[in-house]
Amino acid sequence: MHLPDHIRRAIEITPAAGTSERIIDITTLGRRTGRPRRIEIFFYRAAGTTYLCSGAGGAATDWHANLLANPNFTFHLKNGIRADLPARATPVTDPAERQAVLAEIVADLNQPHDPGTIRPTRLEDWADSRLMRISFRHRP
């Protein structure tokens, strides 16, 4: 999907991006209720693609379970540029892709740019993270 330049730039964050620039909301359908549910989450960019990631530890998350059951959702930019973008989530299961993406995310977050940013120090801590690749789509 072609995104307007100002929205594309807001999503294409760099290692200089701070914590607040990485926080979005997603609206997905609850896996049990089927009703829309809004969840605050961090997003990341790696290898030119947008991802949602549970972070270190890999514990089960509602957003991941909801997106597995209902992969179409709305990606809400809410800090600075505001936009509601139709999107689709695809789980990243290929071990090589997971390793490369998580290594890039961890390296980015370890940059000394924002003392308030989550600062993982070891890629091993992120190995079991829930990871979803995001593609943006046209409104139906």
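Residues numbered from 1 in each chain as written. Predicted model: local features only at pLDDT ≥ 70, side-chain atom pairs only at ≥ 80, totals over all residues. Heavy atoms only, no water.

## Remarks on the packing of aromatic side chains
- With the rule as written, the count across this model stands at 3 aromatic pairs.
- For the ring pair Phe43 and Phe75, a centre distance of 5.4 Å and an interplane angle of 70° mean the geometry is edge-to-face. Of this pair, Phe43 sits in strand 2 (residues 36–46) while Phe75 is found in strand 4 (residues 72–77), placing the two residues 32 residues apart along the sequence.
- Residue Phe43 is classed as buried on the basis of its relative accessible area, which comes to 0%.
- Its relative accessible area of 0% is what places Phe75 among the buried residues. (Phe/Tyr/Trp six-rings, centres within 6.5 Å; stacked < 30°, edge-to-face > 60°. Helix = DSSP H or I, 4+ residues; strand = E, 2+ residues; numbered from the N terminus. Buried < 20%, exposed > 50% of the residue type's maximum accessible area, 1.4 Å probe, protein only.)

## Notes on helix 3 (residues 95–109)
- Compared with an ideal rise of 1.5 Å per residue, which puts 15 residues at 21 Å, helix 3 spans 21 Å between its outermost C-alpha atoms and is within 8% of the ideal.
- Considered for burial, the residues of helix 3 that qualify are Arg98, Val101, Leu102, Ile105, Val106, Asp108 and Leu109. The buried residues of helix 3 occupy one face: seen down the axis, they fall within an arc of 160°.
- As for helix 3, its buried residues are in contact with strand 2, strand 3 (49–53) and strand 6 (131–136). (Expected span 1.5 Å × (residues − 1). Arc of directions from axis to C-beta. Contact = heavy atoms within 4.5 Å.)

## A look at the nonpolar core
- Ranked by internal contacts, the top residues of the largest apolar core, which has 23 residues, are Leu52 and Phe75.
- The set of elements that each furnish at least two residues to this core consists of helix 1 (5–11), strand 1 (23–29), strand 2, helix 2 (62–69), strand 4, strand 5 (83–91) and strand 6.
- Ranked by residue count, the leading element in this core is strand 5, at 4 residues.
- Among residues more than four places away in sequence, those in contact with Leu52 are Ile24, Ile26, Ile41, Phe42, Phe43, Trp63, Leu67, Phe73, Arg130, Leu131, Met132 and Ile134.
- One finds Tyr44, Ala46, Val101 and Leu102 within the second-largest nonpolar core, a separate group that totals 12 residues. (Core = buried A, V, L, I, M, F, W, Y, C linked by side-chain atoms within 4.5 Å.)

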